[in-house]
Amino acid sequence: MKGTKQTLRNLKAEHFDLVIDLQNNLKAKRIKLHLNKKAYSVKKLNFKQWLFVNFKINLLPKSHVVDRFLDVIKPLGTSSDNLGLDFFIPERDEVDKDWLPETHAQGYAAVVLSARYKTRQLPTDRLIELCDRINKPIILIGGHEDVNTANEIEAFFKHGSAHEEKEIEELNKKAVIFNACGKFNFNQLASLIKSANWVFTHDNDMMHVAAAFKKQIYSIWGSTSPAFGEYPYRTKFVIFENNKLSCRPCSKRGFSKCPKGHFKCMNDLTFDFYLPD
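Starting from 1, residues in each chain are numbered consecutively following that chain's sequence as written. In view of the model being predicted, local features appear only for residues whose pLDDT reaches at least 70, and side-chain atom pairs are presented and counted only at 80 or more, with totals across whole chains, interfaces and linings using the full set of residues. Side-chain measures were taken over the full set of non-hydrogen atoms in the model, leaving aside hydrogen atoms and water.

Colleague: Explanation requested: the side chain of Ser225 in the structure shown.
Modeller: For Ser225, the location among the structural elements is in the loop between strand 7 (216-220) and strand 8 (237-240). At 3.0 Å, the side chain of Ser225 forms a polar contact with the backbone nitrogen of Ala227. Two residues qualify as a contact provided that any one of their heavy atoms is within 4.5 Å of a heavy atom in the partner residue. Not counting the four nearest positions on each side in its chain, Ser225 is found in contact with Phe52, Glu241, Arg248 and Pro249. Where helices and strands are cited, they refer to DSSP runs of H or I of at least four residues and of E of at least two residues respectively, numbered from the N terminus. Pairs of N or O atoms within 3.5 Å make up the polar contacts considered here, provided that, within protein, one atom can donate a hydrogen while the other can accept it, and that residues adjacent in sequence are counted only when both atoms are side-chain atoms.

Printed below as a string of structure tokens:
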């Protein structure tokens, strides 16, 4: 509360003329009330999202959340440049290709392991299966929280592992893995995304970074849904999702584990794609 009060004082001291509110939650409303300035606010879709999650009735707009945000400032005479997202990497964080193994010099696929919630992340055995299907040099992208999973994937393709006993069928085990998890900061990981030929990712921050660099994205969805409007923006993409389940989406955000216990949205997900040479 003390920090919030100081933030409000700092904002008021700037003497802003206008407030652009892209959250329209209680905290944002408190800020608008405190500043007492003209404000434009995003239209909340809470009831429609609730209907979709609880009754699978999809009345959500077909537009992307970025376009909904742009609609907020249309009264100011602004319009989209239709060029998509931007992400700028400081020069000091650009990863030189010389840092990468020779096996990745002619191109690679980035596989992003990170997910805010477990129900938005493929289990490790499915990630191994995905890497095997890619059958190209791969860089595993993630933070410190993804190191254990990344190490397990890397070990499988180097030495084999206990996953071989879990009936992972017909794996070539030829994927060449470079494990970047926990070794680079966010901007450096974004640099690795920028240099990738293809990006396989859950619905996370790196998916939007990849969209900013106009990458070919293979977007993986579990308990949530791209229908909420947060799919890759203005770039080529393929959606992997299991639309045969009556329980999906079970959340807009995700859970620490599957509420039903079967996790079929990820366990039964099929990977149908072809990467050209």
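Colleague: In this structure, what is going on with the layout of surface pockets? I would like to understand it.
Modeller: One water molecule sets the probe size; rolling that probe over the atoms shows where empty space is left. Here a cavity is any set of points on a 1 Å grid over the protein atoms alone where a 1.4 Å probe fits but cannot get out, and a pocket is any open set with protein on both sides within 12 Å along at least 5 of 7 lines; a residue lines the site when it has an atom within 4 Å of a point. Grid points are joined across faces, edges and corners, and a volume is the space filled by probe spheres set on the points. Its boundaries defined by the atoms lining it, the largest pocket holds a volume of some 1,000 Å³. Residue lining of the largest pocket: 37 residues in total, with Arg116, His208, Glu230, Lys252 and Arg253 positioned closest to the centre. Residue type decides the class: Asp, Glu, Lys and Arg count as charged, Ala, Val, Leu, Ile, Met, Phe, Trp, Tyr, Cys and Pro as nonpolar, and the leftover types, Gly among them, as polar. Looking at the lining of the largest pocket, its residues break down into 14 nonpolar, 12 polar and 11 charged. The computed volume of the second largest pocket comes to approximately 160 Å³. In terms of lining residues, the second largest pocket is bounded by 17 residues, among which Cys247, Arg248, Cys250, Pro259 and Lys260 are the most central. Contributing elements (two or more residues each) for the lining of the second largest pocket: helix 3 (46-55) and helix 9 (264-267). Residue classes in the lining of the second largest pocket are distributed as nine nonpolar, four polar and four charged.

Colleague: In this structure, what is going on with the packing of helix 5 (residues 124-134) against helix 6 (residues 147-159)? I would like to understand it.
Modeller: Geometry of a packed helix pair, given as the angle between the helix axes and the separation of the axes. Axis definition: a line fitted to C-alpha atoms, limited for helices to the stretch in contact. Angles are taken between N-to-C directions and run from 0 to 180 degrees. Close contact between helix 5 and helix 6 brings their axes to 10 Å; oriented N to C, the two are set at 50 degrees. The angle between helix 5 and helix 6 places the two elements in the oblique class. Read as a crossing pair, helix 5 and helix 6 show a hand that is right-handed. Across the interface between the two elements, Thr124, Leu127, Ile128, Cys131 and Asp132 from helix 5 touch Thr149, Glu152, Ile153, Phe156 and Phe157 from helix 6. Class assignment of the residues belonging to the contact of helix 5 with helix 6 gives a composition of six nonpolar, two polar and two charged. Here roughly perpendicular refers to angles of 65 to 115 degrees, roughly parallel to angles under 35, roughly antiparallel to angles over 145, and oblique to all remaining angles. Note: crossing handedness is left-handed where the near helix turns anticlockwise from the far helix by less than a right angle, and right-handed where it turns clockwise.

Colleague: Please clarify how a positive patch on the surface should be interpreted in this entry.
Modeller: Among the surface-exposed residues, Lys29, Lys44, Arg116 and Arg253 lie close enough to one another that they form a single positively charged patch. Locating Arg116 in the fold gives a position in the loop between strand 3 (109-112) and helix 5. Any residue with relative accessible area above 30% and no salt bridge may belong to a patch, with like charges joined within 9 Å and the nonpolar Val, Leu, Ile, Met, Phe, Trp and Tyr side chains within 5 Å. Method for areas: the Shrake-Rupley scheme with a 1.4 Å probe, in which residue coverage is limited to the protein chains shown. The salt bridge definition used is simple: a Lys or Arg side-chain nitrogen within 4 Å of an Asp or Glu carboxyl oxygen. None of His or the chain ends enter the tally, which takes Lys and Arg as positive and Asp and Glu as negative. Just so you know, the charge point we use is NZ for Lys, CZ for Arg, CG for Asp and CD for Glu.

Colleague: In this structure, what is going on with the pattern of salt bridges? I would like to understand it.
Modeller: Pairs may arise between side chains of opposite charge once their charged atoms sit close together. Counted by the stated rule, this structure contains eight salt bridges. Across the pair Arg120 and Asp203 runs a salt bridge, and its minimum N-O distance is 3.2 Å. With Arg120 in the loop between strand 3 and helix 5 and Asp203 in the loop between strand 6 (198-202) and helix 8 (205-212), this pair connects stretches of sequence that are 83 residues apart. Throughout this description, buried means an accessible area under 20% of the type-specific maximum (1.4 Å probe, protein chains only), exposed means over 50%, and partly exposed covers the range between. Arg120 gets classed as buried once you look at its relative accessible area, which sits at 9%.

Colleague: Quick question: what am I supposed to make of helix 8 here?
Modeller: Of all eight residues making up helix 8, six are buried, and the element is well covered by its neighbours. Every buried residue of helix 8 is accounted for by Met206, Met207, Val209, Ala210, Ala211 and Ala212. In this structure, the buried side of helix 8 is in contact with strand 3, strand 4 (138-141), helix 7 (186-195), strand 6 and strand 7. Of the residues that open helix 8, the one with a side-chain oxygen 3.2 Å from the backbone nitrogen of Met206 is Asn204. At the exit of helix 8 stands Lys214, carrying a positive phi of roughly 55 degrees.

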